[in-house]
Amino acid sequence: MCDQRNSPSAGGGGWSPAPEDQQPWLQLTLRDRLEVTAISTQGRWGSEHWVRRYQLLYSDTGHNWRQYRHESVLWTFTGNRDADSEIHHKLPHSIRTRFLRLVPLQGSPRGGAGLRVELYGCAYKSDVADFDGRSALLYRFNQKSMSTAKDVISLRFRSQQAEGVLVHGAGQKGDFITLELQQGKLVLQLNLDDAKLLSRGGLTSVSLGSLLDDDHWHSVLIERFNKQVNFTLDHHTQHFRTQGQEDTLELDYEISFGGIPLPGKPGTFLKENFHGCLENLYCNGVNVIDQAKRRKPQIFSVGNVTFQCSETQPVAVTFHSSDSFLILPINLGMETFSLRLQIRTWNAESLIFHATLDQELQPLILCLHLNDGQLLLALHAQTQTIIPVGSRINDGQWHSVGLDIKDQQIFLSVDRQRPVSADIGLRVISHKNSAMLTLGGCPESLNGTGCESCSPMGFQGCMRLIFVNNHPVDLLQVQQGMLGNYNQLDFDVCSIQDRCTPSFCEHGGQCYQSWSQLYCNCSGTGYTGATCHNPIYRQSCEAYWKTGRPSGTYSIDVDGSGPLEPTLVNCSMTGEAWTVVSHNQTQLIKVRGSTLQSPYTWTLNYTLPLNHLRNLVTTSDHCQQEVVYHCRRSRLFDNWDGTPLSWWVDRDGEKRTYWGGFLPGVQQCSCSLEGNCMDMNYFCNCDADRDTWVNDTGLLSYKDHLPMKEIFIGDTNRTDSEAAFQIGLLLCHGDRYLWNSASFYQGPLYFHIPSLQSDLSVDISFYFKTSSSSGVFLENKGQQDFIRLELSSPSSVTFIFDVGDGPINLTLMSPEPLNDRQWHYVQVDRNVKEALLQVDNLTPQIYGAPHEGHVHLQLSTTLFLGGTASRQRGFQGCLRALTLNGLSLDLEERAKTTPGVSVGCPGHCNSDSVCLNQGRCVEERNSYACDCSHSAHTGPHCRTAVSAAFESSSSVTFNFEERSSRGRSESSKPSPARTEVRRTRDRITFGFMTRHAPAVLLLAQTHTQRYMAILGLFYDICIYYSISMSGWVYGMEKLDWEIDYGLTQRFTLPPSSDFSPIRNVTLGKISEADFLDPEITRAGFIGCLTSVQYNEAAPLKDALLNHRSSRVRVSGRLSESSCGTHSTPNVFSTTHSLPDQAGKGNRAKEPLKEAAHNESALIGGEAAPVVERDRSEVTLKLT
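Rules and cut-offs
Just so you know, the residues in each chain are numbered from 1, in the order the chain's sequence is written. It should be noted that, the model being predicted, local features are given only for residues of pLDDT at least 70 and side-chain atom pairs only at 80 or more, the latter also being counted only at that level, while totals for whole chains, interfaces and linings use all residues. For side-chain calculations, the full set of non-hydrogen atoms in the structure is used, while hydrogens and water are omitted. Helix and strand labels come from DSSP, where a helix needs a run of H or I of at least four residues and a strand needs a run of E of at least two; each type is numbered from the N terminus. In this analysis, two residues are considered to be in contact whenever any of their non-hydrogen atoms come within 4.5 Å of each other. Only the protein chains shown count as cover for residues, and the accessible areas themselves come from Shrake-Rupley with a 1.4 Å probe. Strand pairing is assigned whenever DSSP detects at least two bridges linking the two strands. Disulfide assignment relies on a single distance test, namely cysteine sulfur atoms paired within 2.5 Å. For each residue, the accessible area found with a 1.4 Å probe, counting protein chains only, is set against the maximum for its type, and the residue is called buried under 20%, exposed over 50%, and partly exposed in between. As used in this record, nonpolar core signifies buried Ala, Val, Leu, Ile, Met, Phe, Trp, Tyr and Cys residues forming a set joined through side-chain atoms within 4.5 Å. To obtain each axis, a line is fitted to C-alpha atoms, and for helices this fit is confined to the stretch in contact; angles are then taken between N-to-C directions over 0 to 180 degrees. Take a side-chain nitrogen of Lys or Arg and a carboxyl oxygen of Asp or Glu: if they are within 4 Å of each other, that pair is a salt bridge. N or O atoms closer than or at 3.5 Å make up a polar contact, with two conditions inside protein: a donor-capable atom paired with an acceptor-capable one, and, for residues adjacent in sequence, both atoms drawn from side chains. Only Phe, Tyr and Trp rings take part, Trp by its six-membered ring, and two of them pair if their centres are within 6.5 Å. Stacked means planes under 30 degrees apart, edge-to-face means over 60, and tilted covers everything else. Charge-over-ring placement is defined geometrically: NZ (Lys) or CZ (Arg) within 6 Å of the ring centre, and within 35 degrees of the ring normal. The score called pLDDT rates the predictor's confidence residue by residue, from a low of 0 to a high of 100.

**Quick look at the overall build of the protein chain**
The secondary structure content of the protein chain amounts to eight helices and 91 strands. Restricting to contacts in the protein chain with at least 6 residues of sequence separation, those with at least 24 account for 72%. Accessible surface computed for the protein chain: about 51400 Å², of which carbon and sulfur atoms make up 48%.

**Remarks on the sheet that holds strand E50 (residues 647–649)**
If you trace the four strands from one edge of the open sheet to the other, you get E48-E54-E50-E51, paired in antiparallel fashion. Edge positions in the sheet fall to strand E48 (600–603) and strand E51 (655–656), since each has one partner strand and no second. Strand direction decides the pairing type here: E50 and E51, joined by two bridges, are antiparallel. For Trp648, the partnering residue across the bridge sits in E51 and is Arg656.

**Looking at the state of the cysteines**
Taken as a whole and assessed by the stated rule, the structure comprises 15 disulfides. A sulfur-sulfur distance of 2.0 Å marks the disulfide that ties Cys671 to Cys677. Because the sign of the S-S torsion sets the handedness, a value of about 80 degrees for the bond joining Cys671 and Cys677 places this disulfide among the right-handed ones. Residue classification places Cys671 among the buried residues on the basis of a relative accessible area of 6%. For Cys677, a relative accessible area of 7% puts it in the buried group. What pairs with Cys878 in a disulfide is Cys905, and their sulfur atoms sit 1.9 Å apart. Given an S-S torsion of about 90 degrees, the disulfide between Cys878 and Cys905 has right-handed geometry.

**A few points about the nonpolar core**
Among the nonpolar cores identified, the biggest contains 49 residues, and Met573, Tyr629, Leu636, Trp659, Met708, Ile711 and Phe725 are the most heavily contacted of them. Here this core takes four residues from strand E49 (residues 622–632), the largest share from any one element. If near-sequence neighbours (up to four positions away) are discounted, Phe725 is found in contact with Gln585, Gln587, Leu588, Ile589, Val591, Tyr600, Trp602, Val628, Tyr629, Ile711 and Ile713. One finds Val317, Ala355, Leu379 and Leu412 within the second-largest nonpolar core, a separate group that totals 44 residues.

**Things to note about the sheet that holds strand E20 (residues 249–257)**
Pairing is antiparallel in the open sheet, where seven strands are placed in the order E16-E15-E14-E13-E20-E11-E23. For this open sheet the edge positions go to strand E16 (204–208) and strand E23 (299–302), each flanked by a neighbour on one side alone. Put simply, the sheet's adjacent strands are angled 20 degrees from each other on average, direction ignored. Bridge count for strand E11 (residues 136–148) against E20 is eight bridges, and the pairing is antiparallel. From the neighbouring strand, Arg140 faces E20, where its bridge partner is Glu254.

**A short note on the pairing of strand E26 (residues 325–331)**
The buried fraction of E26 is high, at five of seven residues. Relative to strand E38 (residues 485–487), E26 is paired through three bridges, and the arrangement is antiparallel. When the bridges of E38 are listed, Ile327 appears paired with Asn485.

**What about the pattern of salt bridges?**
The full count for this structure, using the stated rule, is 30 salt bridges. Salt-bridge contacts for Glu254 lead to Arg140; the nearest nitrogen and oxygen are separated by 3.1 Å. Highlighted residues: Glu254 in strand E20 and Arg140 in strand E11, separated in sequence by 114 residues. Exposure remark for Arg140: the relative accessible area of 36% places this residue in the partly exposed category. A salt bridge links Glu852 to Arg499, with the shortest nitrogen-to-oxygen separation between them at 3.4 Å. Taken together, the positions of Glu852 in the loop between strand E66 (845–848) and strand E67 (863–865) and Arg499 in the loop between strand E39 (489–491) and strand E40 (510–513) put the pair 353 residues apart, joining distant regions of the chain. The class for Glu852 is partly exposed, based on a relative accessible area of 32%. Here the salt bridges do not stand alone but share partners, grouping Arg33, Asp60, Arg156, Arg158, Asp215 and Glu279 into one network.

**Here we look at the side chain of Asp193**
Relative to the elements of secondary structure, Asp193 occurs in the loop between strand E15 (185–191) and E16. Polar side-chain contacts of Asp193 include one of 2.8 Å to the backbone nitrogen of Gln245. At 2.8 Å, the side chain of Asp193 forms a polar contact with the backbone nitrogen of Glu246.

**Here we look at helix H4 (residues 610–619)**
Taken residue by residue, H4 has His612, Leu613, Leu616, Val617 and Thr619 as its buried positions. Packed against the buried residues of H4 are strand E45 (567–574), strand E46 (576–581), E49 and strand E56 (730–733).

**Considering the environment of Leu192**
Structurally, Leu192 is set in the loop between E15 and E16. Linking Leu192 and Gln245, residues 53 residues apart in sequence, is a C-alpha distance of 7.8 Å. Residues within four places of Leu192 in sequence aside, it is in contact with Asp175, Arg224, Asn226, Thr242, Glu246, Asp247, Thr248 and Leu249.

**Regarding the packing of aromatic side chains**
Summed over the entire model, instances satisfying the criterion amount to 25 aromatic pairs. Geometrically, the ring pair formed by Phe801 and Tyr847 is edge-to-face, given 6.3 Å between the ring centres and 70 degrees between the ring planes. Taken together, the residues Phe801 in strand E62 (residues 796–802) and Tyr847 in strand E66 connect sequence positions 46 residues apart. Relative accessible area serves as the criterion here: at 5%, Tyr847 is assigned to the buried category. The structure contains a cluster of three or more aromatic residues connected by ring pairs, namely Phe744, Phe766, Phe768, Phe777 and Phe875. Over the face of the ring belonging to Trp25 we find Arg101, whose NZ or CZ atom lies 3.5 Å from the ring centre.

**A few points about unusual backbone geometry**
The linkage connecting Thr501 with the following residue, Pro502, adopts the cis geometry, with an omega of -5 degrees. The topology assignment puts Pro502 in the loop between E39 and E40. With an omega of 0 degrees, the peptide bond running from Leu706 to Pro707 counts as cis. Tracing the backbone shows Pro707 in the loop between strand E53 (698–700) and strand E54 (710–713). The backbone phi angle of Leu465 is positive, close to 50 degrees, even though this residue is not glycine. For Leu465, the position within the fold is in strand E36 (residues 461–468). Here Asp689, not a glycine, exhibits a phi torsion of approximately 55 degrees, which is positive. Note that Asp689 resides in the loop between helix H5 (670–674) and strand E52 (694–695).

**Overview of the environment of Cys930**
Structurally, Cys930 can be placed in strand E72 (residues 928–931). Looking at Cys930, the relative accessible area reads 14%, which means it is buried. Each C-alpha atom, one on Cys930 and one on Val914, is 8.0 Å from the other, the two residues being 16 residues apart in sequence. With near-sequence residues (within four places) excluded, Cys930 lies in contact with Val914, Cys915, Arg920, Pro940, His941 and Cys942.

**What about the side chain of His583?**
Mapped onto the elements of the fold, His583 is located in the loop between E46 and strand E47 (589–591). Separated by 3.0 Å, the side chain of His583 and the backbone oxygen of Ile727 make a polar contact. In this structure the side chain of His583 is engaged in a polar contact, spanning 3.0 Å, whose partner is the backbone oxygen of Gly728. Non-local contacts of His583, meaning those with residues more than four positions away in its chain, are made with Leu604, Asn605, Tyr606, Gln625, Ile727, Gly728 and Leu729.

**Description of the confidence of the model for the protein chain**
Of all residues in the protein chain, 84% attain a pLDDT of 70 or more, and the chain-wide mean is 83. Within the model, pLDDT remains below 50 along residues 1178–1183, and this stretch shows 53 contacts once partners closer than five positions in the same chain are excluded.

**Let's talk about the environment of Ile764**
By the secondary structure assignment, Ile764 is in strand E59 (residues 762–769). For Ile764, a relative accessible area of 2% corresponds to the buried category. A sequence separation of 119 residues divides Ile764 from Thr883, and the C-alpha atoms of the two residues are 5.7 Å apart. In contact with Ile764, other than residues within four places in its own chain, are Leu756, Leu778, Ile787, Val826, Gln827, Val828, Leu882, Thr883 and Leu884.

Below, the structure is given as structure tokens:
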């Protein structure tokens, strides 16, 4: 039977808070627990009072409230716009509760808050059992052991303890199942194999959830069928298969709930028991708690198990801002002082408390704060004393902190560790009756007391069980204004969140967090960006060749942001860019004694995994693999019926019997295809069955079958019969999709493409050219969420999306028209942290997602390319190289079946046009040209590097223009979390050669006198960052050019390490300045620099070839030089980014030491650093 409570339709009255109440709430006390499914509200009857927005909290006990969330998002309900209309909301998921609080966030602009409320729901009945940490329920089987292929266990639990066993069962052979809390996480361990096989990996362990010691109800469901297991916690399910050989679970005697009793020792348990409450516990259809309540003999109780949940819950308080504080009076009746409390936080730096106590001579100032996760107590009296204790206090768990002052000594303890003591040498004076204790941040009233110098960050987290001089602090009295003072606190709730469970970091990135933000450490993943979504490496050798790279070994990411990890390949840049993949068979192998029934078999193992090979071949224009085959009296095909006597297997495991060319299904060799077989009666030379060695070497080039996986050789068991083979390397070149294009010429038309898989992240990139003033590139919708990307005006591109917080509009304006019939590049990225819009080389537009916003982009309909579902504002023009989440789309194939869309695009810029080193292909009337204005190279194809020789007095300074002249960015709907529009990703490339050290290779300065210097110290490359007027970060990595090719080192910088906008870049001699380190200015540079590029600026090129440029200042002698080489240099790259917490690898700045001059020592050679800045990381990479 469903209930309705407090019906607004009943009319009359309503609720309004007192005018002086700054944090009002309305609490509804229900008679029994209800499952609430919906809520309706009206304004207060006959008034100007209503609630426009509100949130819900709920509780079983009237304490320890829980915020209503959906998909981890704090849910805000839309309320009323007048006093009479009824607004009804069906809850995204129901809640089971006895108490409900409605918290108004915004009232009527005319009269304030007021409402009538109605709840919809059903009565909720359950069987509960309370465990005190020394008790358990045993479900005993009817027989000695039970073997099951299918198990279903369901329960709900709540606990204040982070450790404890909920379910355990074991068998004598080694099978077992254990469900337990470990550090607040729920861990399921399952073994179906013999105990002797555990060392072979039979044990399966899966973890779900976090912070589950919050004393709120959590639902668990375990479903197992043979080896397949579904493990569900609340609304999150993990599907997995058990390891090992067996698929049945064999348990002996019993399965226990709440602990693991030790046989023969009542009250003794093997592990820490569960302390809390279980509800609706079912094991394979048996209601265990109901059976226990009815004293059924199959259920045995150990210890004190009661059937009513205890409701002793400590009141917690949440400091949700660094400005939050709690001031409490201290009663100093004795010459002692003590403080006990429990804290829970994610922040590594924060102030816990500050207090000033009287001493005999001067005040004793106490500051307890977190520093890099460690507790530090600072005592300021006649001298300053620092007492450290504990570590990793910012792990999100509850930690107990104790402070005692007595007998002129101070004691500090954390958790169960031994207290650390110090002698303060003075007594606390007792004649003053009270002092003030400040928990959290420093209020303005304490300015000048030293509080603000304790820690720059106020405490964000939860506190509970606060005792001052052994007296408990009643936090509810504080809330009611009867005790102390506070600011920005939430009482009777701990709203801590684990933002890393589940992790939103992709590609193996490590998630870490502060109180309100998550961060991803992408070191070693091959990816970058806020969530490690964007690939660092290019997708092919072709892409490296386009940037002027020479032959060598490169990391490629064949599917971009897709799931395949980067891999190393050899790139041969000989006129074309060939990707070379080797394998385990490089020598000629001779075969004898094989038959059709027992053929000789050779399996090829490639240096790339099969999925990578498949993607590489698919995305390449052309692939080939040579099969060298010699034979003597050994046939490939039976001369009577054509039965293959030898064959090979393709990448999909299919048998193939052709030995050359690109025409599958034709049982022929290359000689037949070329018409030059030795005996024209046969399609292969070997089939002539001659006594002499003959050759049937062929080149396989049908891409769908490459590469070869296995080869089978038969017919070598006759007298003098023999074969010899050698399988060549897999060679691929070209990019099938770079110039894959389609023309939309009869709008509004569009392609139907399956909906984007874009729940947590999406990236889209393509090129377009058009003469139209506007048009929609693509649109994809869900029930409420959507994305749309369009040319909104002749000079602007707009990206609009909605993930549930309302539409966000990113518009990027170009100083030049975009409908100029030239190719323009567009890229959009959206993840849980931010959204980005990039057009050509313009400064990207970035939107920072709100901390408590929706994260899931739920799209369900067809993706419309070139138009919208409403057939309005279709795009007319050309699109090419369309990539969705790392997957390239074949536009030409789709254009063949779509009316009004044609294959290809008119113009001369196509796959045959070659513009290297970031040169841009420009359409001309009868040909094309390469625009090298944004490249550090010159020449018809932007191939020629611009280089210069520097003397000791030579200097080039390049001044950047203001951002407004390079492109204007606009955004609608600003939010506090919105990132300022500035560069967060920089790319710097240059080559260098010098015999002098130390050498300043490049200096970049900001408008705020922050700077970055890149220095060479013979075999060392150093990056210096001046991140503040008083702080340095220094990173150095030794690079051996011969051995460590491919080395990567990443540095993480502290908060507020913003390094934009850039004011100027200096090459060569550095002029002295007050804010520059003298050792930097003394270093200088003598040698050669080449191909210098900072984003789209080319300082050295401007200095040598554009003498009239007002942005370049040249001092001393500067002469153009080839730098000792005519080829494009190899590239050494350095990626630098600026994150939120200092990395462990950062070291204090060390003085530069003059290196001994040695004519045989050479820094650089044919090497070129590349610096890429992406938010807050510094990566030193030698590629």
